[in-house]
Structures are given as C-alpha cells and as structure tokens.
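Listed here are the chains, written in short residue letters.
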Amino acid sequence: MENLTTRGRVTRLGATVLSLVLLVVGTFWGSDDDFPFGPFRMYSTSNPPNAPAPDTRVEGVNSSGTVIDLDQNATGIRRAEIEGQQGRYAADPTLLTEVADAYAERHPDAPELVEVRIVIRWHGIRAGRPTGQHTDQTVVRWQAPR
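Residues numbered from 1 in each chain as written. Predicted model: local features only at pLDDT ≥ 70, side-chain atom pairs only at ≥ 80, totals over all residues. Heavy atoms only, no water.

Visitor: Before we move on, could you go through the sheet that holds strand β4 (residues 129-143) and cite the residues and values that matter?
Guide: Within the open sheet, the four strands sit side by side as β2-β1-β3-β4. Their pairing is antiparallel. Edge strands, defined here as strands with exactly one partner in the open sheet, are β2 (67-69) and β4. Within the sheet, the average angular offset between the axes of one strand and its neighbour, ignoring direction, is 35°. Alignment of strand β1 (residues 53-62) against β2, held across three bridges, turns out to be antiparallel. Its bridge partner lying in β2, V61 is registered against V67. Strands in contact with helix α5 (residues 97-106) are β1, β2, β3 (113-126) and β4; relative to β3, the strand with the most contacts, it is inclined by about 105°. (Pairing = 2+ DSSP bridges. Helix = DSSP H or I, 4+ residues; strand = E, 2+ residues; numbered from the N terminus. Axes fitted to C-alpha atoms, helices over the stretch in contact; angles between N-to-C directions. Contact = heavy atoms within 4.5 Å.)

Visitor: Could you give an account of a nonpolar patch on the surface, with specific residues and numbers?
Guide: Together, L13, V17, V21, V24, V25, F28 and W29 make up a nonpolar patch on the protein surface, roughly 760 Å² of accessible area in all. Relative to the helices and strands, W29 is located in helix α1 (residues 6-29). Residue classification places W29 among the exposed positions, given a relative accessible area of 69%. (Patch = residues over 30% accessible without salt bridge, like charges linked within 9 Å, V, L, I, M, F, W, Y side chains within 5 Å. Areas by Shrake-Rupley, 256 points an atom, 1.4 Å probe, with all protein chains shown as cover. Salt bridge = Lys/Arg side-chain N within 4 Å of Asp/Glu carboxyl O. Buried < 20%, exposed > 50% of the residue type's maximum accessible area, 1.4 Å probe, protein only.)

Visitor: Explain the nonpolar core residue by residue, including any values.
Guide: Membership of the largest hydrophobic core comes to 19 residues, with the highest contact counts inside it found for L70, L96, V99 and V116. Among the secondary structure elements, those contributing two or more residues to this core are α5, β3 and β4. Per-element tally for this core: the top contributor is α5, with four residues. Ignoring any residue separated from it by four or fewer positions in sequence, one finds L70 in contact with V58, E59, G60, T75, V99, Y103, L113 and V116. (Core = buried A, V, L, I, M, F, W, Y, C linked by side-chain atoms within 4.5 Å.)

Visitor: Residues and numbers for the pairing of β4, please.
Guide: As paired strands, β3 and β4 are joined by eleven bridges and run antiparallel to one another. Note that in β4 the partner of I120 across the bridge is Q137. Hairpin connection, β3 to β4: the antiparallel pair is bridged by two residues, and A127 has positive phi, about 55°.

Visitor: I'd like a description of the side chain of E115, backed by residues and values.
Guide: Within the secondary structure, E115 sits in strand β3. Taking relative accessible area as the criterion, E115 reaches 8% and is therefore assigned buried. Here R117 takes part through its side chain, which lies 3.1 Å from a polar atom of the side chain of E115. At 3.3 Å, the side chain of E115 forms a polar contact with the side chain of R141. Leave out the neighbours within four places in its chain, and E115 touches E59, G60, V61, R141, W142 and Q143. (Polar contact = N/O pair within 3.5 Å; in protein donor to acceptor, adjacent residues only side chain to side chain.)

Visitor: Could you give an account of the pattern of salt bridges, naming the residues involved and the relevant values?
Guide: If you walk through the whole model with that rule in mind, you get nine salt bridges. Across the pair D136 and R57 runs a salt bridge, and its minimum N-O distance is 3.2 Å. Taken together, the residues span a long stretch of sequence, with D136 in strand β4 and R57 in strand β1 at a distance of 79 residues. Here R141 ties to E115 by a salt bridge, and the two come within 3.3 Å at their closest N and O atoms. Here the residue R141 occupies a position in strand β4, and E115 occupies one in strand β3, the gap between them amounting to 26 residues. Connected through salt bridges with shared partners, the residues R57, E59, E115, R117, R121, D136 and R141 form a single ionic network.

What follows is the structure, encoded as structure tokens:
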C-alpha cells in the first residue's frame, strides 16, 4: 500500500473543506437549484393538512374541438419541465407553441392543435386525506392565430 504524498493529502483536505463550506452555505442560503449543495425542499416540507394539492397537466384542443392530454408520451416533454418553466410560460404564452410543435412532430397525421393550456387540478384535502373533489384552474393559455 502506498502512502499519500503531502500534496495529495492537502488536495483531498482542500476538496473536503470546500465541499463542507458549499454544503453549509447552500443549506442556509441556497435553493433547490443549488442541489446537491443546497436544500432539496421538495421532500423536506409539507402542505397544511387542509390545503388543496395541485396536479399540473398540459392539454391541447385540436381543430375538431377534441381535448388531448399533452403528456410526455404525446410530446416528449416531461411534466416537470413544464412545471419548472411555468413562470416563463405565464409571462409569454407563445412559448407553448413549442409544445404544439412537439405534438405535431410526433403525430403528423393528427388534426392541428389550435390551443395549448397549462391546467392545475386542485384536489381537495381534509385532515390530510383526499376528499374526492377537485377544481381545475387554467393558468396559461395559448391559442393559434386564426
């Protein structure tokens, strides 16, 4: 077995100290985007026991009026990507044309989408248990120019 050189020990110690400093700083002042050096709040917090639970989805309406679920299978775009960019879509709904284009690319024979929307289904929760009731809220909507 070989011994580490002084330079090797100093390098490892420096990397360890740097990692610990980043971890501590990220824990107190970081966000989920700083993971693994920031807190991963997605799993460290919970909603109040009577607060509704959100379920975000993307849906489209084709030229014949049929509502289509624009999930990952339909577009190749994961729901998490949509949720993560929801603020951008709200600021500029024309960005939803990317979703319509992705759907058209995967379904070239399908009727064209004339509307794409991001909808949040708020599931009712009482005492931490689902009530079976829900309400839908359209938070972003793009309509094709006519």
